[in-house]
Structures are given as structure tokens and as C-alpha cells.
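Spelled out, the chains give:
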Amino acid sequence: MKSSRLGPWLAIAIGTAYFLIPLLATFEFSLRMRRGEYSFEAYRVVLADPRFQASFGYSTLIAIATIVLGVLLIVPTAYWIELKLRKIRPLVEFITLLPLVIPAIVIVFGYLHTYNSSSWIPLIATPRGTDLLLTFGYMTLALPYMYRAVDTGLRSIDVRTLTEAAESLGAGWGTILFKVIFPNVRVAVLSGAFLTFAIVIGEFTLASLLDRPAFGPYLQLVGANRAYEPSALAIVAFIVTWACMGLIQIFGRDRRATMAGR
Amino acid sequence: MAQMQLEAAALPLAQPRRMSLAFVGVVPFFVFAVMFLLWPTAFLMIGSFQDAEGHFTLENIYRLSEPTILNAYKISVEISIASALLGALFGFFLAAAVVLGGLPRWLRPTLMTFCGVASNFAGLPLAFAFLATLGRTGLVTMILRDYVGFDLYATGFNVLSFTGLTLTYLYFQIPLMVLILTPALDGLKREWREAAEVLGATSWQYWRHVAIPVLWPSFLGTTLLLFANSFGAVATAYGLTGSSLNIVPILLYAQSRGDVLHNPNLGYALALGMIVITGLSNGAYIWLRGRSERWLK
């Protein structure tokens, strides 16, 4: 039953072609801005565009806010459930998976009707309120990934023993959470954070419908009006995604190395 | 001794009170979930069964069968099925190649890392990449025309179409399949194959009677996940086709921007239809995953 390796190699070859050709084509296209020669002109134009800088900065800020608020919400919740409320874990897990079931377009469509200026909580009435709503929306989209990452991290450490040890040494809840639990799930939190960043930075649907000056709507604007700049932006976005995933791998490997060293 | 008895007696009394206090710790999470996930969704669901004055009606659900809306659902479902099935199939072959194919060992971590990136490389940048590849002046289109003498667009192909969109969606569908299916393929135990060999089974018989029945639930389950994944995608389609292709997420996007259906409650029903479809396919995925875990533990 010795199987030939032709099939597997063929699958890899077709896969490589399918995944690399669009990247190469995009890169090649992004260099064509000056007639008759290859240049990085499209990148220069895009990176010097003040709207690029403003929208990328805005999205970075929203992404950081999403990560900070998300971690502050999810780590204590997952910790508390692991420690005291294991019974309700299935319910919480179900809720955290819902954003994968309910499309983002539906969630934001709901926001537009529940938080508009004539509602009880008129978040959309002011720009700052809308920023907040966008951040909460991104926290919702990131919930499945963030919760999963933190929960896995918490399960790999002995939460009960750590808590009891800290309590018997006289630590309060704040100390336990920030000095004992957080450092122990740092790697899990970081991988959730980078994944969140990758999702949020170029997100289009929420930002566009809530009408915020984020990177996603800027991409759409450039895509609709320019020829070569969109390709340059696609390459930039690909590098950002790649960097986020690379950082997750590096931190993950770090942990494995220290685990083996113990 | 008396002290201990007292404590033991007090325990059942103390337990329920501590329990109710413990729930305080998860209040922030539930408040957040209700405000930004459950209530906005429930609001749309309730609105689907109301008319403009707030009375109960099935009119909105019935009006989903209007030709424009029905057609949008049809194209959406077709694109999602095509990209899910093709994604699942190619994803399976790729995962099988690195897990079972006996290829160099460095290939597997390389593929997994790339899949991690590609499954998150969706939306507008992906649309731009495919326009630069298969658009009218895209690299592949030009090379085919200038060097092979094959005019892609003369065949009726257009990247801004059903085929183009499916081909583009595969860029994040295949990696997702690889990421989820690889652990399942790892679960195929070497002993099963050896046992089959000892009993004189051919490679085909091993796959037909052992491997495929074991893998079937995870394969089918992941296919359903891919279906839901492409069904809700807005940005990739919008970046590629603008609003020219009539699919449900794009229609709902237009409805959110400016009530193109001229009936807010019909818009809610449109959203309800999306939730029902993605909910059903995800529910089936969870059920099938439960089944596959029995074997692959």
C-alpha cells in the first residue's frame, strides 16, 4: 500500500500557485504607476497621503481601545467562571460564539436602530459616542477569538491554587487579578490581542455604516477612485496581517521554550 | 469537634448565598453581551414581525419572496455553497498532502503559518489583490493575452461576477479548511491503517471504509462553517463588485445606508433571514463537531 507522492506534490503545487500568484500580481501592479518602468511611486503617494495617515492612526487607536477594554472585560470574566461559576461556562461559551453566527452586517444594522439619536442611549448622536459604539462593536466581533485564547490560557494554569495561595498571603482581588492571573495568561492575551488588531485594522462594514474615518472606508474610497494605489494598500495590509500572525507565533514559541526549560 | 459540626451544618446554608454573590462577578460580561450583541439582534428579530405601527404581522416575512430579494438570497446561497464546497475540497487535499503525503517536514509549519495569515486576509485588500490579478488589466489576464494568446474576457469571464467572487472567497476559505481539518487528520491513528493493511485492504478500501467515515463529520461540519463564513461577507464583495452584484449582505448594506427597500421592517426581515441561514449551518456544524470528537479524541 505504498502511495505515490505525486498527488501530494501536485496539491502543494496548485495551492502554492493559487496563493502566491495574486500576491505577486498585486505587487507587480503596485509598481506600475510610472509609465514604462517599475517604481515605488504608488507606495510613496499612498504613504504621504494625509488621509492614509489619519485613517490608519484612527484605526490603530480604535484597535488598541478594543484590545484594552476587551482584555479588561474578558480576563476577569473567564477567571471568575473558572474559579466560581463553572456551571454557566456552556452558556458563556455559547454567547461568545454568537458573533461567528450573526454576521457583522446584521449586528451593525441592529446598532443603527437601537443606538440612534431617538433611542434611550443615543450613542450615534455624537462622534465620541459613535467611536465608543464602534469600539464595543469590534469587541463583539473579537469576542470569539479573545475569549477562546484567554480561556485556553486560564485552563493551562491552576487558577484555584494560585488564587488560594495569593489569598492566604493576604492579597485582595485587584492584586490577584493584576499581579497573579494577568502575568500567567499574558501569552494568551497577547495572541488574542494581535488577532484582534488584524481583524480591526482594515474592517470595513462597521466603520463604514457608523460613518467613522477608519482605514477600511479609506481603502474603499481609494479602491473606487485610483488605479495603482489600491494594490500598494493591499500589500501594506497583507504585511500588517502577516506581522500580527508572526508576532502570535513568536510569543507562542517563547512560551513553549520556557515550558520546556522548566 | 463541635466547631467542625457547626461548620458542616452551616455549609448548606452558606452555599446558596455565596452562589448569588458569585454571579455579581459576571454581571459586566452579561450587560455587555445583552447591550451590544443580544438586544440589537433581538430588536431586528422582533421588528421583522411588526408593521410600521408596531402591530404583529407576517407581511415582512411573506415579502421576502419578492423577486429581487428572493434572487439575492438565491445568488448568495449559490456563491456560499460553491465557495464552501470548493474550499473544503481543496483545503482537504492540501491538509492531507502535508499530514499524510510524506512530504518534507518544513512544509507543514510553513503552510499552517501562511493559512493563519490568509484566513485573516479578507475584505477590501483581498478584493484589490484579485482585481490586480484577474481584472481587465490584471497580471494573469495580460500574460494570458500577450504570451498564450488566450483572451480571458472573451470567454465571458469577469472577476466582478459569480465565478470571480467564488474564486476570491476561496482565498480565505481554503486556509480556514486547512486550519480546522489538519488536527482531524492527525487524529487518524496509524494503527487503523496498519490493521487495514494486515487484513489485506487496499488503499482505496482503507479510505472508503475507515478514514472517510471517521473524517466525514468534521469535513461536513467545516464545510457548513465555510458556508456561513462567506454568506455574511460584505467587504470582499463590495470591494470587488461595488453594489452591482445582488447578494443579501450587499442588499442589507444598502438598506442600512438608506432604506433602499422603502420599508424598515422589511429590512429587519432581510436580516432575520440571514441569521436563520447562518444559524442553521452553524448549529449543524456544532452538532457534527460533537459527533466527530467521539472518534478523534
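If you're wondering where the values come from, they're calculated on a predicted model, not measured in any experiment.

## Some thoughts on the overall build of chain A
Across its full length, chain A carries 12 helices and zero strands. Scanning chain A from its N terminus toward the C terminus, one meets helices and strands in the order α-α-α-α-α-α-α-α-α-α-α-α. Projecting the C-alpha coordinates of chain A onto the three principal axes gives extents of approximately 75 × 70 × 35 Å. The proportion of buried residues among the 262 residues of chain A is 53%. Considering only contacts within chain A whose residues lie at least 6 apart along the sequence, 74% involve residues at least 24 apart. A total accessible area of about 12,600 Å² is found for chain A, and carbon and sulfur atoms account for 65% of it. Separation of charge centres in chain A, based on 23 positive and 15 negative side chains, amounts to 6 Å.

## Points about empty space enclosed by the protein
Throughout the structure, instances matching the rule amount to two cavities of 30 Å³ or more. Approximately 70 Å³ is the volume found for the largest cavity. Thr66(A), Ile67(A), Gly70(A), Leu73(A), Ile74(A), Met139(A), Ala142(A), Leu143(A), Met146(A), Thr196(A) and Phe32(B) together form the lining of the largest cavity. Among the secondary structure elements, those contributing two or more residues to the lining of the largest cavity are helix H3 (50-83) and helix H6 (127-155) of chain A. Along the lines of polarity and charge, the residues of the lining of the largest cavity split into eight nonpolar, three polar and no charged. Counted as a void, the second largest cavity has a volume near 40 Å³. At the level of secondary structure, the elements contributing two or more residues to the lining of the second largest cavity comprise helix H4 (67-100) and helix H10 (203-231) of chain B. Tallying contributions element by element places H4(B) first for the lining of the second largest cavity, with three residues. Across the lining of the second largest cavity, the residue classes break down as six nonpolar, three polar and no charged.

## Considerations on the interface of chain A and chain B
Taken together, the 71 residues of chain A in the interface contact 75 residues of chain B. Summing the contributions of chain A and of chain B, the shared interface buries around 6,600 Å²; its carbon and sulfur component is 81%. Scanning the region where chain A abuts chain B turns up zero salt bridges. Run the count over chain A and chain B and you get 11 residue pairs in polar contact (both at pLDDT 80 or more). A total of 14 residues in the side of chain A that touches chain B trace back to one element, the largest contributor, which is helix H1 (residues 6-30) of chain A.

## Section: unusual backbone geometry
Residues other than glycine seldom take positive phi values, yet Asp211(A) does so here, at roughly 60°. Among the structural elements, Asp211(A) can be located in the loop between helix H10 (205-209) and helix H11 (215-225). The class of Asp211(A) is exposed, set by a relative accessible area of 57%. Phi is positive for His262(B), which is not a glycine, with a value near 55°. For His262(B), the position within the fold is in the loop between helix H12 (248-258) and helix H13 (264-296).

## Considerations on the layout of surface pockets
Estimates place the volume of the second largest pocket at around 1,200 Å³. Taken together, 39 residues line the second largest pocket, and the ones lying closest to its centre are Ala96(B), Ala97(B), Leu100(B), Gly101(B) and Trp207(B). Taken together, the elements giving at least two residues each to the lining of the second largest pocket come down to H1 of chain A together with H4, helix H8 (162-186), helix H9 (190-198) and H10 of chain B. Ranked by residues supplied to the lining of the second largest pocket, first place goes to H4(B) with nine residues.

## Some points on the state of the cysteines
All chains considered together, the criterion is met by zero disulfides over all chains. The structure places no disulfide on Cys244(A), whose sulfur is separated from the nearest cysteine sulfur, that of Cys115(B), by 17 Å. Of the residues examined, Cys244(A) reaches a relative accessible area of 4% and is grouped as buried. Judged by its relative accessible area of 1%, Cys115(B) falls in the buried class.

## Overview of the packing of aromatic side chains
The description of an aromatic ring pair rests on the distance of the ring centres and on the angle between the ring planes. Counting across every chain of the model gives 42 aromatic pairs over all chains. Centroid distance Phe52(A) to Phe215(A): 5.7 Å. Interplanar angle 75°. Geometry classified as edge-to-face. In this pair, Phe52(A) is assigned in helix H3 and Phe215(A) in helix H11, connecting sequence segments 163 residues apart. Both residues of the pair, Phe52(A) and Phe215(A), count as buried. Counting every residue linked through ring pairs, the aromatic cluster contains Tyr18(A), Phe19(A), Phe238(A), Trp242(A), Phe114(B), Phe121(B), Phe130(B) and Tyr171(B).

## Some details on the confidence of the model for chain B
Residue and element names in this part refer to chain B. Scored by pLDDT, chain B has a mean of 85; 92% of the residues are at 70 or more. Here helix H1 (residues 2-22) stands out as the least confident element of chain B, with mean pLDDT 52; helix H2 (residues 27-48) is the most confident, with 94. Low pLDDT (under 50) marks residues 4-15, which in the prediction has zero contacts with non-local residues, meaning those over four places away or in another chain.

Rules used in this analysis
- Residues numbered from 1 in each chain as written.
- Chains lettered and ligands numbered in written order.
- Predicted model: local features only at pLDDT ≥ 70, side-chain atom pairs only at ≥ 80, totals over all residues.
- Heavy atoms only, no water.
- Helix = DSSP H or I, 4+ residues; strand = E, 2+ residues; numbered from the N terminus.
- Buried < 20%, exposed > 50% of the residue type's maximum accessible area, 1.4 Å probe, protein only.
- Contact = heavy atoms within 4.5 Å.
- Areas by Shrake-Rupley, 256 points an atom, 1.4 Å probe, with all protein chains shown as cover.
- Lys, Arg positive; Asp, Glu negative; His and termini not counted.
- Charge placed at Lys NZ, Arg CZ, Asp CG, Glu CD.
- 1 Å grid on protein atoms, 1.4 Å probe; cavity = no way out; pocket = protein on both sides within 12 Å on 5 of 7 lines; lining within 4 Å.
- Points joined across faces, edges and corners; volume = space filled by probe spheres on them.
- Nonpolar A, V, L, I, M, F, W, Y, C, P; charged D, E, K, R; others polar.
- Buried area = accessible area lost by both parts, 1.4 Å probe.
- Salt bridge = Lys/Arg side-chain N within 4 Å of Asp/Glu carboxyl O.
- Polar contact = N/O pair within 3.5 Å; in protein donor to acceptor, adjacent residues only side chain to side chain.
- Disulfide = S-S within 2.5 Å.
- Phe/Tyr/Trp six-rings, centres within 6.5 Å; stacked < 30°, edge-to-face > 60°.
- pLDDT = per-residue confidence, 0-100.

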